[in-house]
Amino acid sequence: MRMNDVPETRTVWQNPVEVIRALKPEHPVMVFAPSVLEGIARTYLQGFPGMVTYAVKANPDESLIRALVGAGIKGFDVASPFEIDLIGRLAPGAARHYHNPIRSQAEIAHAVRAGVTAWSVDCHSELQKLFDAVPPEGCEISARFKLPVLGAAYDFGSKFGASPEVTAELLKAAAERGYTPSLTFHPGTQCTDPAAWETYIRIAGEICDAAGVRAQRLNVGGGFPSHRVIGIEPDRQAIFALIAEVTAQVFGENAPELVCEPGRGLCADAFALITRVRGLRPDGSVFLNDGTYGGLSELPLIGNIDRIQVFTPEGAPRRGDPHGHVIFGPTCDSVDRLPGEVALPDDIADGDFVVFHSAGAYSSATNTRFNGFGQMSQLTVKELE
Ligand SMILES: *Cc1c(COP(=O)(O)O)cnc(C)c1O
């Protein structure tokens, strides 16, 4: 990540306020707290009733991936040759689940050469491509299914996934050809209601019955929530408990091994995004140095992050009464605006800093340089508050 707007005078800062006070950064700064990440990773590793993998697309930052490996994460969901090689380099020996169900022949060949042995698929033509190019020994094919959205903030799962009927055919065909047959789904992103997983697991049971195949593994996807909104803390334990309970109920003795592949749920809460006010209009609208073409690109899709703090350039918190403000990003495109209005202290001033918490997912990864903005850097902090 670019480091050209902040001097690298130190490697680790205390918190976002210290960064603001010392550097008064003119461009957006993502701050990463490895200790927070390690705590979250531990919660998953200890609480999830199966294997925990990380979906690299949410944030492929190398320091983040190294910290996950250090915390004990042993598998990754990868979607492209770039991600396959990235994990091959940063986490040699870790499992790579190539769970992008559509791949070109060149991409398949790349993955085979790289040693990938776990794939997902959601239609017969793509399954045939795997049959033609991937030897079955020691190789897992997971059939991916989808249901109408339940409980997700945004239907990130709808692009991929077969109907339960087709999924049963895919599972059976993979088993007959000698591949390890498994199932996978993605319930949609930022699922705060554990019920999102329940229906999927029940249908997974029906798919196995229809196919007459015991699935070796059931990958319950990502979709685990982060702490984006005040008062709605992710209840990870409730989700883990429900997944374990429903799996036991549905499959009994024949239960498949469980795998999860959170992106957001692992990374988001370990980062905060420091932005700066570039200008204020008399009508109260606020122009930041970052917006929907930068680190806040997801907000129009899944709603505002409301864990926001405003600081003066000296690092003092603004304590004025909160009022709704329209927030615009820096570019000259009118879609560069956060949805609706955002509550900000009424004493917010030009040059202030606005910190968005829980900003680590789908932010630095999708940041663009549109209109000459988006010069984002990243710093390491001990803590986020
Ligand atoms: C994006 C993605 C994930 C991660 O989703 P989150 O909602 O960030 O947890 C997991 N699995 C697959 C296949 C994905 O495409």
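Residues numbered from 1 in each chain as written. Predicted model: local features only at pLDDT ≥ 70, side-chain atom pairs only at ≥ 80, totals over all residues. Heavy atoms only, no water.

Engineer: Would you mind showing me how to read the sheet that holds strand 5 (residues 95–98) here?
Structural biologist: In any sheet, the strands associate via hydrogen bonds between backbone groups, in a parallel or an antiparallel arrangement. The parallel closed barrel is built from eight strands, whose spatial order is 3-4-5-6-7-8-9-10. In this sheet, adjacent strand axes meet at a mean angle of 25 degrees when their direction is disregarded. Where strand 7 (residues 140–144) and strand 8 (residues 180–184) come together, five bridges link them in parallel fashion. Within strand 8, the position partnered with Arg-144 by the bridge is Thr-184. The sheet contacts of helix 6 (residues 124–133) involve strand 6 (118–121) and strand 7, and relative to strand 6 the element is tilted by about 155 degrees. (Pairing = 2+ DSSP bridges. Helix = DSSP H or I, 4+ residues; strand = E, 2+ residues; numbered from the N terminus. Axes fitted to C-alpha atoms, helices over the stretch in contact; angles between N-to-C directions. Contact = heavy atoms within 4.5 Å.)

Engineer: When you look at the pattern of salt bridges in this model, what are you seeing that I'm missing?
Structural biologist: Oppositely charged side chains can pair when the atoms bearing their charge come close. The final tally for this structure, using the stated rule, is eleven salt bridges. Between Glu-26 and Arg-276 there is a salt bridge; the shortest N-O distance is 3.4 Å. With Glu-26 in the loop between helix 1 (16–23) and strand 2 (29–32) and Arg-276 in strand 11 (residues 271–280), this residue pair connects regions lying 250 residues apart in the sequence. Residue Arg-276 is classed as buried on the basis of its relative accessible area of 14%. One salt bridge in this structure joins Arg-264 and Glu-298, with 2.6 Å as the shortest N-O distance. One end of the pair, Arg-264, is in helix 10 (residues 264–267); the other, Glu-298, is in the loop between strand 12 (286–288) and helix 11 (299–302), and 34 residues separate them in sequence. Of the two residues, Arg-264 and Glu-298, neither departs from the other in class, the shared state being buried. Each of Glu-62, Arg-66 and Arg-89 takes part in a single network of salt bridges with overlapping partners. (Salt bridge = Lys/Arg side-chain N within 4 Å of Asp/Glu carboxyl O. Buried < 20%, exposed > 50% of the residue type's maximum accessible area, 1.4 Å probe, protein only.)

Engineer: Could you clarify how one ought to interpret the site of the ligand in this entry?
Structural biologist: Looking at the ligand, there are 15 residues lining it, with Lys-57, His-186, Thr-189, Glu-261 and Tyr-362 nearest. A distance of 3.3 Å separates a nitrogen atom of the ligand from a polar atom in the side chain of Asp-77. Tallied by class, the residues present in the shell around the ligand amount to four nonpolar, six polar and five charged. (Near = heavy atom within 4 Å. Polar contact = N/O pair within 3.5 Å; in protein donor to acceptor, adjacent residues only side chain to side chain. Nonpolar A, V, L, I, M, F, W, Y, C, P; charged D, E, K, R; others polar.)

Engineer: What's the story with the nonpolar core in this structure? I'm lost.
Structural biologist: What tends to happen in soluble globular proteins is that the nonpolar side chains get buried as a cluster. Formed by 96 residues in total, the largest nonpolar core has its most connected members in Tyr-54, Phe-76, Trp-197, Val-220 and Phe-224. For this core, the two domains that each supply at least three residues are domain 1 (12–32 + 269–381) and domain 2 (34–267). What Phe-76 contacts, discounting residues up to four positions off in sequence, is Thr-53, Tyr-54, Val-56, Ile-65, Val-69, Ile-87, Ala-91, Ala-94, Ala-95, Arg-96 and His-97. Counting residues in hydrophobic clusters, the runner-up holds 16 residues, among them Val-19, Ala-33, Ala-272 and Phe-311. (Core = buried A, V, L, I, M, F, W, Y, C linked by side-chain atoms within 4.5 Å. Domains from an automatic or database assignment.)

Engineer: Sorry, what's going on with the environment of Gln-14 here?
Structural biologist: Structurally, Gln-14 can be placed in the loop between strand 1 (12–13) and helix 1. Overall, Gln-14 belongs to the partly exposed group, its relative accessible area being 29%. Residues Gln-14 and Lys-382, 368 residues apart in the sequence, show an inter-C-alpha distance of 5.0 Å. Aside from chain neighbours lying at most four places away, what touches Gln-14 is Val-381, Lys-382 and Glu-383.

Engineer: I keep staring at the packing of helix 2 (residues 34–47) against helix 9 (residues 236–251) and nothing clicks. Help me out?
Structural biologist: Packed helices, taken two at a time, are described by their axes: the angle between them and the distance between them. Two numbers describe how helix 2 lies on helix 9: the axes approach to 10 Å, and their chain directions differ by 20 degrees. Taken together, the axis directions place helix 2 and helix 9 in an arrangement best described as roughly parallel. The handedness of the crossing between helix 2 and helix 9 comes out as right-handed. In contact with Ile-40, Thr-43, Tyr-44 and Gly-47 of helix 2, helix 9 contributes Arg-236, Gln-237 and Phe-240. Its residues assigned to classes, the contact of helix 2 with helix 9 shows three nonpolar, three polar and one charged. (Parallel < 35°, antiparallel > 145°, perpendicular 65-115°, else oblique. Left-handed = near helix turned anticlockwise from the far one by under 90°.)

Engineer: Honestly, the pairing of strand 5 in this entry has me stumped. Any pointers?
Structural biologist: In summary, the side chains of a regular strand alternate between the two faces of the sheet. In this structure, strand 4 (residues 75–78) lies alongside strand 5, joined through four bridges in parallel fashion. Paired with Gly-75 across the strands is Ala-95, a residue of strand 5. Taking the sense of rotation as the criterion, the β-α-β connection linking strand 4, helix 4 (residues 81–90) and strand 5 turns out right-handed. Bridge count between strand 5 and strand 6: two bridges; the pairing is parallel. Bridged to Tyr-98 within strand 6 is Trp-119. On the question of chirality, the crossover connecting strand 5 to the parallel strand 6 by way of helix 5 (residues 105–114) is right-handed. (Right-handed = clockwise from strand over helix to strand, strands pointing away.)

Engineer: Sorry, what's going on with the domain arrangement of the protein chain here?
Structural biologist: When the parts of a complex come together, some accessible area is lost, and that lost area is often used as the size of the interface. When cut into domains, the protein chain gives domain 1 (12–32 + 269–381) and domain 2 (34–267). The centre of domain 1, based on its C-alpha atoms, is set 32 Å off from the matching centre of domain 2. There are two salt bridges connecting domain 1 and domain 2. The partner of Arg-236 in a salt bridge is Asp-269, with the nearest N and O atoms 3.2 Å apart. On the surface where domain 1 and domain 2 come into contact, there are 13 residue pairs in polar contact (both at pLDDT 80 or more). Broken down by secondary-structure element, the contributors of at least two residues to the side of domain 1 that touches domain 2 are helix 11 and strand 18 (377–381). The class makeup of the residues in the side of domain 1 that touches domain 2 is eleven nonpolar, seven polar and four charged.

Engineer: I'm lost on the side chain of Gln-190 in this one. Help?
Structural biologist: Tracing the backbone through its elements, the reader meets Gln-190 in the loop between strand 8 and helix 8 (195–211). Engagement of the side chain of Gln-190 in a polar contact is seen with the backbone nitrogen of Ser-226, the distance being 2.9 Å.

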